[in-house]
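# Structural overview for review
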Amino acid sequence: HAVAQAAAGDTLLVAAGDYAETGSLVFNADGVSLIGQGTDASAVRLTVPAAADALRVKSANVHVAKLWIDGGKRGVFALGGADGLDLQNVTVTNSAAEGIAIDLAADVTIRGCIVTGAASTGISSRRATGLTIRDTDVYANQASGVFIRKGDAELSFLTVHANAGRGVRSL
């Protein structure tokens, strides 16, 4: 996995196509960018088994753009040191738990994304500060569309519908 071996500041370009991953793509270096090549997220599809998080972000200032993540335990799991994570035009489908989960991270941006088909909440955060979710569609998830726990977030221009739980929930 090139992501796990990326050095700080590397930009990894992924050619259009379908990629079957056997485990998590783990971001361990700060400032890494993973960018799909194509006109939109559907051009680059990563499929991941339900036992592994598709993208596991543990470093700061990671940028992910124009990818379709299909499957995985969680499509994107950002934890601890994932401050400054930027997800742009990422589609997350059919995850076994949350579509996107943000845990103890600051200044995370989710924009122009689609999150659907999660077996739990579409987008979930816990103690995230400065979370921004903008221009994003969150629908047909098995729990709430967006669930913000013990943190703060700016939500704007969202479409949240047809989730089994509440559209937007905050504690």
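This section reports on the structure supplied with the text. (Residues numbered from 1 in each chain as written. Predicted model: local features only at pLDDT ≥ 70, side-chain atom pairs only at ≥ 80, totals over all residues. Heavy atoms only, no water.)

## Description of the overall build of the protein
Scanning the protein from terminus to terminus reveals 1 helix and 19 strands. Computed over C-alpha atoms, the radius of gyration of the protein comes to 14 Å, within 12% of the 16 Å expected from 2.2 N^0.38 for 171 residues, which places it in the range of a compact globule. Seen through its C-alpha atoms, the protein measures out along the principal axes to roughly 40 × 30 × 30 Å. The 171 residues of the protein split such that 48% are buried. Across the protein, the fraction of contacts at a sequence separation of at least 24, relative to all contacts at a separation of at least 6, is 37%. When the accessible surface of the protein is summed, it comes to about 7,100 Å², and 49% of that surface belongs to carbon and sulfur atoms. Positive and negative side-chain charges in the protein, numbering 14 and 16 respectively, have mean positions lying 9 Å apart. (Helix = DSSP H or I, 4+ residues; strand = E, 2+ residues; numbered from the N terminus. Rg over C-alpha atoms; globule rule 2.2 N^0.38 Å. Buried < 20%, exposed > 50% of the residue type's maximum accessible area, 1.4 Å probe, protein only. Contact = heavy atoms within 4.5 Å. Areas by Shrake-Rupley, 256 points an atom, 1.4 Å probe, with all protein chains shown as cover. Lys, Arg positive; Asp, Glu negative; His and termini not counted. Charge placed at Lys NZ, Arg CZ, Asp CG, Glu CD.)

## Observations regarding the pattern of salt bridges
Enumeration according to the criterion identifies 6 salt bridges in this entry. One salt bridge connects Arg 45 with Asp 70, and the closest N-O pair in it is separated by 4.0 Å. Of the two residues, Arg 45 sits in strand β5 (residues 44-48) while Asp 70 sits in strand β7 (residues 63-71), which places them 25 residues apart along the sequence. With a relative accessible area of 24%, Arg 45 lands in the partly exposed category. Across the pair Asp 53 and Arg 74 runs a salt bridge, and its minimum N-O distance is 2.9 Å. Taken together, the residues span a long stretch of sequence, with Asp 53 in the loop between β5 and β6 (55-57) and Arg 74 in the loop between β7 and β8 (76-79) at a distance of 21 residues. Residue Asp 53 is classed as buried on the basis of its relative accessible area of 4%. For Arg 74, a relative accessible area of 14% gives the class buried. (Salt bridge = Lys/Arg side-chain N within 4 Å of Asp/Glu carboxyl O.)

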